[in-house]
Amino acid sequence: MAKIRRIGILTSGGDCPGLNAAIRGVAKPLLEEGVQIIGIQDGFRGLVENRTMQLGPRETSGLLVEGGTILGTSRFKPHKYPDRNGGFEDRTKDAVENYHKMRLDALVCIGGGGTHKNAFQLYQNGIPHIVTLPKTIDNDVFGTDVTFGYDTGMSIACDAIDRLHTTASSHHRCMLVDVMGHNTGWLAMGAGIAGGADVILIPEFPFSLDRVVDALIERERRNKRFSIVVVAEGAHSLEEADLRKDMDKKDLKDRDRAYCDSLSHDLARIIEDRVKIETRITTLGHLQRGGIPTARDRVLASRMGTLAADQILRREFGVMVAERNNLIVPVPLDEVVGKKKYITPDNGLVRTASRLGVSLGRPR
Ligand code: F6P
């Protein structure tokens, strides 16, 4: 069986702390085996445009604590690639040709749900030697208990919420914290519970405005000095969910963008009017994706990266490296592609929030 001599690595989608730790985890064991590591720049864009950088011992040392990705990233898709006329074209052929021009024996793709879809397309169309790693602060990649990036994103958001407690208490205010998580509420739920939020609103559970207002009025009745409301950027009301039922994809996308941009502001005004408490908004945005990874994310990224290296040395491809019950295991790509991991009503975090008296805005 031919020896593995050169492999490519790319990082794609929204960046997150831990990406460089994962690159290091893949590279170090393979460099020890004399395998050359080719870094492909800016995600799948670099594969289509043949833009690479050598990743030797020098380039991969010190990566463990470096945030972001030294390779750069993008949300480009080979099979739906922007053309010069503002449209899209299929550039899968160029990606596959460049893979062979680079003389690669395998490709590691590190990313979220979209990255796994792109990787699976390439896996089915000319690049069979693919291994993927699941990253995102959203923790919404199906098939793995957790993604690296999630612990750091949650810790950043929790630190912000901790800080907001003191100013909220000083001013007797309601602080509304807008966190990332367009499709799922893992980040909002984790940071909200860790940060002692009183209300947590997530995309999976369309909220009743009356229930949110009642929960905050009840806190006032109990003479609580302040309230903290954590809102995932993709959360929406029951009325909004109703409106969306009959919308087509394009209308839904346009409406979703406008609704998400104004949700926190509209909610803050309603809380001020109906709960009679001064309300202020903090939008954490890309802060949750910045800076150095937590120890937990460094360990997880290293565990996943080194298993990816072993998968390649064993020539076992077509898999995503996942964490399941604290074990790092390969999962067939076709089992995870095109799915998201949502918070369900029976999830332990939902039960914990409820037992703590946190309102999720759910109708009775
Ligand atoms: O996918 C991770 C994420 O941070 C989401 O939580 C967020 O909605 C999105 O990326 C933001 O994307 P961009 O960085 O392209 O604006």
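The rules behind these values
- Residues numbered from 1 in each chain as written.
- Predicted model: local features only at pLDDT ≥ 70, side-chain atom pairs only at ≥ 80, totals over all residues.
- Heavy atoms only, no water.
- Near = heavy atom within 4 Å.
- Polar contact = N/O pair within 3.5 Å; in protein donor to acceptor, adjacent residues only side chain to side chain.
- Areas by Shrake-Rupley, 256 points an atom, 1.4 Å probe, with all protein chains shown as cover.
- Nonpolar A, V, L, I, M, F, W, Y, C, P; charged D, E, K, R; others polar.
- Domains from an automatic or database assignment.
- Helix = DSSP H or I, 4+ residues; strand = E, 2+ residues; numbered from the N terminus.
- Contact = heavy atoms within 4.5 Å.
- Phe/Tyr/Trp six-rings, centres within 6.5 Å; stacked < 30°, edge-to-face > 60°.
- Buried < 20%, exposed > 50% of the residue type's maximum accessible area, 1.4 Å probe, protein only.
- Lys NZ or Arg CZ within 6 Å of the ring centre and 35° of its normal.
- Pairing = 2+ DSSP bridges.
- Axes fitted to C-alpha atoms, helices over the stretch in contact; angles between N-to-C directions.
- Patch = residues over 30% accessible without salt bridge, like charges linked within 9 Å, V, L, I, M, F, W, Y side chains within 5 Å.
- Salt bridge = Lys/Arg side-chain N within 4 Å of Asp/Glu carboxyl O.
- Lys, Arg positive; Asp, Glu negative; His and termini not counted.
- Charge placed at Lys NZ, Arg CZ, Asp CG, Glu CD.
- Buried area = accessible area lost by both parts, 1.4 Å probe.
- Parallel < 35°, antiparallel > 145°, perpendicular 65-115°, else oblique.
- Left-handed = near helix turned anticlockwise from the far one by under 90°.
- Core = buried A, V, L, I, M, F, W, Y, C linked by side-chain atoms within 4.5 Å.

Trainee: Mind showing me how you'd approach the site of the ligand here?
Mentor: Near the ligand you find Arg75, Thr136, Ile137, Asp138, Met180, Gly181, His182, Glu233, His286 and Arg289, and these make up its full shell. In this structure, an oxygen atom belonging to the ligand sits 2.8 Å away from a side-chain N or O atom of aspartate 138. The contact in question runs from an oxygen atom of the ligand to an N or O atom on the backbone of glycine 181, over 3.4 Å. In isolation the ligand offers 400 Å² of accessible surface; the protein chains occlude 70% of this area. When the residues that make up the shell around the ligand are grouped by side-chain class, the tally is two nonpolar, four polar and four charged. When residues of the shell around the ligand are assigned to domains, at least three map to each of domain 1 (6–148 + 293–324) and domain 2 (153–288 + 344–355).

Trainee: Please clarify how the side chain of threonine 92 should be interpreted in this entry.
Mentor: Within the secondary structure layout, threonine 92 lies in helix H4 (residues 92–101). Beyond its immediate sequence surroundings of up to four residues, threonine 92 is in contact with Pro78, His79, Leu122 and Asn125.

Trainee: How should the packing of aromatic side chains be read in this particular structure?
Mentor: Any pair of aromatic rings gets described here by the distance separating the centres and the angle formed by the planes. Taken as a whole and assessed by the stated rule, the structure comprises two aromatic pairs. Relative to tyrosine 123, the ring of phenylalanine 120 has its centre 6.0 Å away and its plane inclined at 25°; by these criteria the two rings are stacked. Of the two residues, phenylalanine 120 and tyrosine 123 both sit in helix H5 (residues 113–124), three residues apart, roughly one turn of that helix. For phenylalanine 120, a relative accessible area of 16% gives the class buried. For tyrosine 123, a relative accessible area of 31% gives the class partly exposed. Above the face of the tyrosine 259 ring, arginine 244 is positioned so that its terminal group lies 5.3 Å from the ring centre.

Trainee: Can you help me understand the sheet that holds strand E11 (residues 279–283) in this one?
Mentor: In any sheet, the strands associate via hydrogen bonds between backbone groups, in a parallel or an antiparallel arrangement. Strand order in this open sheet of four strands is E9-E10-E8-E11, and the pairing throughout is parallel. Every interior strand has two partners, whereas the edge strands, strand E9 (199–201) and E11, have only one. Each strand of the sheet is rotated relative to its neighbour by a mean of 15°, with strand direction disregarded. Pairing of E9 with strand E10 (residues 227–232) involves three bridges; the strand directions are parallel. Considered in E10, the bridge of valine 199 is made with valine 229.

Trainee: Looking at this structure, how should I read a positive patch on the surface?
Mentor: A cluster of basic residues, Lys77, Lys80, Lys117, Lys249, Lys253 and Arg257, forms a positive patch at the surface. Note on placement: lysine 249 falls in helix H10 (residues 249–275).

Trainee: Looking at this structure, how should I read the domain arrangement of the chain?
Mentor: Interface extent is often summarised as the accessible area lost during association of the parts. According to the domain assignment, the chain consists of domain 1 (6–148 + 293–324) and domain 2 (153–288 + 344–355). The centre of domain 1, based on its C-alpha atoms, is set 33 Å off from the matching centre of domain 2. On the domain 2 side, the residues contacting the five residues of domain 1 number eight residues. Broken down residue by residue, the surface that domain 1 buries against domain 2 is led by Ile137, Asp138 and Asp140, which jointly contribute 69%.

Trainee: I would appreciate a short explanation of the packing of helix H8 (residues 209–221) against H10 in the present structure.
Mentor: Running from amino to carboxyl end, H8 crosses H10 at an angle of 50°, the nearest separation of the two axes being 10 Å. When the axes of H8 and H10 are compared, the pair comes out oblique. Where H8 crosses over H10, the two elements pack in a sense that is right-handed. When H8 is examined against H10, the residues Leu209, Asp210, Val213, Leu216, Ile217 and Glu220 are found in contact with a partner set consisting of Leu267, Ile270, Ile271, Arg274 and Val275. Broken down by class, the residue content of the contact of H8 with H10 amounts to eight nonpolar, no polar and three charged.

Trainee: Teacher, can you tell me more about the pattern of salt bridges here?
Mentor: Close approach of charged atoms allows side chains of opposite charge to pair. Per the stated rule, a full pass over the model turns up 25 salt bridges. Measuring nitrogen to oxygen at the nearest pair gives 3.0 Å for the salt bridge that ties aspartate 42 to arginine 51. Assessed through its relative accessible area of 24%, aspartate 42 is described here as partly exposed. A salt bridge links glutamate 240 to arginine 244; the nearest nitrogen and oxygen atoms lie 2.9 Å apart. Placement of the pair is glutamate 240 and arginine 244 together in helix H9 (residues 238–244), with a separation of four residues, close to one helical turn. Like glutamate 240, the residue arginine 244 is buried in the burial classification.

Trainee: What is the right way to look at the sheet that holds strand E12 (residues 319–324) in this model?
Mentor: With mixed pairing, the seven strands of this open sheet are ordered in space as E3-E2-E1-E6-E7-E12-E13. Strand pairing shows two members of the sheet lacking a second neighbour, strand E3 (52–54) and strand E13 (327–332), which therefore form its edges. Neighbour-to-neighbour, the strand axes of this sheet turn through a mean angle of 30°, independent of strand direction. Relative to strand E2 (residues 36–40), strand E1 (residues 6–11) is paired through five bridges, and the arrangement is parallel. Bridge pairing in E2 places glycine 8 opposite isoleucine 38.

Trainee: Can you walk me through the nonpolar core in this structure?
Mentor: Side chains of a nonpolar character, in soluble globular proteins, are inclined to be buried together. By size, the foremost hydrophobic cluster in this structure holds 65 residues, and its most contacted members are Ile7, Ile9, Ile110, Leu133, Phe148, Ile228 and Ile312. In terms of nonpolar packing, the next biggest core, distinct from the first, is built from 27 residues, Ile40, Tyr81, Met320 and Leu333 among them.

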